[in-house]
Amino acid sequence: MDKLIIEGGNRLIGTTHASGAKNAVLPLMAATLLAPGEHTLTNVPDLKDIETFKKLLKFMGCKVRTNKKKKTVVIDSTNVKKFEAPYELVKTMRASILVLGPLVARFKKARVSLPGGCAIGARPINLHLMGLKLMGAEIKIEHGYIDITAEKLHGAQIHFDQPTVTGTENLMLAAVYAVGTTTLENAAMEPEIVELAKALEKMGAKVTGAGTDTIKITGNGELKTFKHKVISDRIEAGTLMIASAITRGNVLIEDCPTEHLAPLIAKLREAGTIIKEEEGGTRVIGDWPVLSTDIKTHPHPGFPTDMQAQMMTMMCVANGLSVITENIFENRYMHVAELKRMGAKIKIDGRNAIVKGVGRLSGAQLMATDLRASASLVLAGLVADGRTEISRIYHLDRGYERLEEKLKALGANIKRVKTSEKF
Ligand code: EPU
């Protein structure tokens, strides 16, 4: 198992770039199940979650070719023979649930392990299943698996109790083969949904309203292969922005998707960070003291829950009191205990975290608990006095493409080492 060792205190200076977006690639990979032939994805990041999804597609019978240098993945889903996502894969990556919609749509059946809770919350999938049921699918849950059959899906009017990103994606993926029009109301509006809609349209589907809260999909019996360039990762870019901001850095981020980062940019500016567009990218200049500001997470276009942990690190070194409210996941404060070990002053009260900025953190031995929590600990290590060691960074590798290399190139004192974790 690898761990990261960081000697804090260096200012980050230079140029970096945002890689392709994990949460955009995964639904696009699921979409390749919809039509036989070779589908091509470009700007695909080299991440653990993408590898897991490739494994899943191969398990089903797809052929997958990767050119890591060119960041291209070609998926041929002509010979899908298994219509199943097994427990071993779903337990390592919940987004495996995204194969449910396309499998039922194209092959009329699917068997997918029911995802359990995870480190950030219970994360039920009742809304995915409710939608498929309204479209005519028969659903049985037995022995920890969801078994779905549907001779023919039909269009339906589906209202989500609350916006769900993968729920919206799953139903879009199913609706492209349904007879008639499906309307998704109170749908998720994330940029990743818009990307999926673009790919589905390239395949011949009719999708309108993606990016708004009402999406209409009209089924089409014949879909074809697609080629799509993945958008930049707004969460990775946001994490790099905070890295520059809290180290009093001066970093130019190429391919920074600022159009998807408005809520974060607004908060960073409130905290005193200078952000400006330049020809080659987005420049982020950090200034001290960091000013405290309150954060409330909401579905897009609100402040993203996937940036909450990183922003909390920033507030830990700010000059005053900040209240952070996590409205999406009920248990997304696993990083708090670790930050406290570095001297942070944080009090949790239900969905609120009250953070009293302490100006400086002190390096410590830490354990990563989930993907974005890991990123918050790396950021904390960058501004802490002395040495920080972060173990269990396989969580980080799920969603950040060699983050330590990008930070090192900007001047961070950070290295990855192998450990045997005896204790
Ligand atoms: N929810 C339900 N029922 C459902 C589905 C969701 O109650 O059937 C609830 C969830 O429990 C949660 C809220 O709805 O309280 C929103 O969850 P959502 O379904 O939108 O989350 P998700 O689709 O499972 C995606 C991202 C997450 C990101 C969330 C929120 C992917 C693969 N994952 O998850 O990304 O945090 O949306 O934006 O797109 C990450 O990248 O670190 C990550 C966790």
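Up top is the structure.
Residues numbered from 1 in each chain as written. Predicted model: local features only at pLDDT ≥ 70, side-chain atom pairs only at ≥ 80, totals over all residues. Heavy atoms only, no water.

Draft legend 1. Up close: the sheet that holds strand 2 (residues 13-17). Within the open sheet, the 4 strands sit side by side as 2-15-17-16. Their pairing is mixed. Of all the strands in the sheet, just strand 2 and strand 16 (274-278) have a single pairing partner and so form its edges. Neighbouring strand axes in the sheet, compared pairwise and without regard to direction, differ in orientation by 20° on average. Of the pairings in the sheet, the one linking strand 2 to strand 15 (residues 250-254) comprises 5 bridges and is parallel in character. Bridging across to strand 15, Ile13 finds its partner in Asn250. Running at roughly 165° to strand 15, helix 8 (residues 234-246) makes contact with strand 2, strand 15, strand 16 and strand 17 (281-285) of the sheet. (Pairing = 2+ DSSP bridges. Helix = DSSP H or I, 4+ residues; strand = E, 2+ residues; numbered from the N terminus. Axes fitted to C-alpha atoms, helices over the stretch in contact; angles between N-to-C directions. Contact = heavy atoms within 4.5 Å.)

Draft legend 2. Main features of unusual backbone geometry. Cis geometry is adopted by the peptide bond preceding Pro289, which originates at Trp288 and carries an omega value of 0°. Residue position: Pro289 is located in the loop between strand 17 and strand 18 (295-296). Pro301 follows His300 through a cis peptide bond whose omega is 10°. Looking at the element boundaries, Pro301 is found in the loop between strand 18 and helix 10 (308-316). You will see that Arg392, though not glycine, has its phi angle at about 60°, which is positive. Assignment of secondary structure puts Arg392 in the loop between strand 25 (387-391) and helix 13 (394-397). Judged by relative accessible area, Arg392 falls into the partly exposed class, the value being 30%. Even without being a glycine, Arg402 presents a positive backbone phi close to 45°. Its location among the elements puts Arg402 in the loop between helix 13 and helix 14 (403-409). (Buried < 20%, exposed > 50% of the residue type's maximum accessible area, 1.4 Å probe, protein only.)

Draft legend 3. Structural detail: the site of the ligand. Taken together, 21 residues surround the ligand, and among them Asn126, Thr164, Thr166, Asp306 and Ile328 come closest. Between an oxygen atom of the ligand and a side-chain N or O atom of Arg123, the distance comes to 2.9 Å. Between the ligand and the protein, one listed contact pairs an oxygen atom with a backbone N or O atom of Val165 at 2.8 Å. When the ligand sits alone it has 830 Å² of accessible area, and the protein chains cover 88% of it. Of all the secondary structure elements, the ones that give two or more residues to the shell around the ligand are helix 1 (22-31), helix 5 (126-134), helix 6 (165-175) and helix 12 (371-383). Grouping the amino acids of the shell around the ligand by side-chain chemistry returns 9 nonpolar, 7 polar and 5 charged. (Near = heavy atom within 4 Å. Polar contact = N/O pair within 3.5 Å; in protein donor to acceptor, adjacent residues only side chain to side chain. Areas by Shrake-Rupley, 256 points an atom, 1.4 Å probe, with all protein chains shown as cover. Nonpolar A, V, L, I, M, F, W, Y, C, P; charged D, E, K, R; others polar.)

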